[in-house]
Amino acid sequence: MASSQTVGRILVTGGAGFIGTTLARALADSAERWVVLDNLHPQVHPGSVPPADLPASVDLRVGDVTSAADLDAVVADLRPDTVVHLAAETGTAQSLSESTRHGLVNVVGTTQLVDAFTRAGHVPAHVVLTSSRAVYGEGVWRNPDGSTFQPGLRTHAQLEAGRWDHGDGATHVPNSVAGTHPSPINVYGATKLAQEQILSAWTGSHDTRLSVLRLQNVYGPRQSLSNPYTGIVSLFSRLAREGGSIPLYEDGDITRDFVHIDDVVSALVAAIAAPPAGHLRTLDVGSGVRTTIGDLAREIAAYHSAPEPHVTGQYRDGDVRHASCTVDDTLRALDWSPRVGLREGVAGLQEWIATQLD
């Protein structure tokens, strides 16, 4: 996936994580300088050890986006042309119990970043933010008569009663930047939307450019296997490898758009290569295919000849029922298209996990 194009000085916050490491492997060798600022949080990096497969061309600075001193040192030295802002706390459920931590890293970390530019008297030519499908909340639903509505969060009482959907016969409409007004229903989603708004305000007032990529559920090699908040694909994979039956929350028909890390990174590479013509470009990045968690679990179980998944009726407060997106606008805006199907992606992830655990 390496690129032959030459890019300038790039700062990647949180760049030693899952997405950042894969992005560096694709593009860092083509950069004039590729500097990563990452705090190597033990929840993602056991023992706070850097990932072994970061390219040698990466200049890793161990530091925190919440620290003005750490940011000032990097920005003053690098004066980046492009900034890829990946640093974030990502756990949906965790954000409800550790809201301050999510607010500090995601919101204050972003304001510290732009303040560091101001203190250095430097304006990057392009900022790229990885946002999240969580900004949409429950999204838009369509009634049987064709009318649409945008519900709020499902209440604890509703989930406790096993009423999983919104309205009789209503169906979810795939999210899109143009068609779905952001309405996050958990703290994580709220902080990601705040990141978008902070960076839009700052870049707009400094006549520079911002690309916001709203990512769906990203999975694939280099995803943390120790982080309990890392995502269900790696969790399901570990359970099936151990011969267990994968538990399915609610009725097993929760849907998500599972997008492979290679497709996410190729979208980032395309966005870096072609900044927006105007101030702001916001795009959805997914596979464009919705998959139930039951179908995902059965795919993984079949790979390992594990027992059939089972429905538990459990639920998580703050979870949305359905999340998927259309990528038509992204296909038009970028030299990009998703290429890795779920079966191929799941098999590749299992092969990689085997190299890590066997």
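Anything mentioned here points back to the structure above.
Calculation criteria
- Residues numbered from 1 in each chain as written.
- Predicted model: local features only at pLDDT ≥ 70, side-chain atom pairs only at ≥ 80, totals over all residues.
- Heavy atoms only, no water.
- Axes fitted to C-alpha atoms, helices over the stretch in contact; angles between N-to-C directions.
- Helix = DSSP H or I, 4+ residues; strand = E, 2+ residues; numbered from the N terminus.
- Parallel < 35°, antiparallel > 145°, perpendicular 65-115°, else oblique.
- Left-handed = near helix turned anticlockwise from the far one by under 90°.
- Contact = heavy atoms within 4.5 Å.
- Core = buried A, V, L, I, M, F, W, Y, C linked by side-chain atoms within 4.5 Å.
- Buried < 20%, exposed > 50% of the residue type's maximum accessible area, 1.4 Å probe, protein only.
- Expected span 1.5 Å × (residues − 1).

Participant: Explain the packing of helix α7 (residues 232-241) against helix α11 (residues 342-357) to me, using residue names and the numbers behind them.
Facilitator: Where α7 contacts α11, the two axes come as close as 11 Å, and the packing angle between them is 65 degrees. With respect to α11, the element α7 is oriented roughly perpendicular. Both α7 and α11 take part in a crossing whose hand is right-handed. Seen from α7, the contacting residues are Val233, Ser237, Arg238 and Arg241; seen from α11, they are Leu349, Gln350, Ile353, Ala354 and Leu357.

Participant: Before we move on, can you summarise the nonpolar core with the specific residues and values?
Facilitator: Residues Ile19, Trp34, Val84 and Val264 are the most contacted members of the largest nonpolar core, which totals 39 residues. If you list the elements that add at least two residues to this core, you get β1 (7-13), α1 (18-27), β2 (31-38), β9 (209-215), α8 (261-273) and β14 (280-285). In terms of residue count, the dominant contributor to this core is α8 (nine residues). Setting aside residues up to four positions removed in sequence, Trp34 forms contacts with Ile10, Val12, Leu23, Ala24, Leu27, Ala28, Ser57, Val58 and Asp59. Core analysis: the next-biggest nonpolar cluster, separate from the first, contains 21 residues, Leu11, Val114, Ala116 and Leu129 among them.

Participant: Give me α11: which residues, what numbers.
Facilitator: Counted at 1.5 Å a residue, the expected span for α11 with its 16 residues is 22 Å, and the 22 Å between its end C-alpha atoms agrees. Those residues of α11 that fall on the buried side of the exposure criterion are Gly345, Val346, Leu349, Gln350, Trp352 and Ile353.

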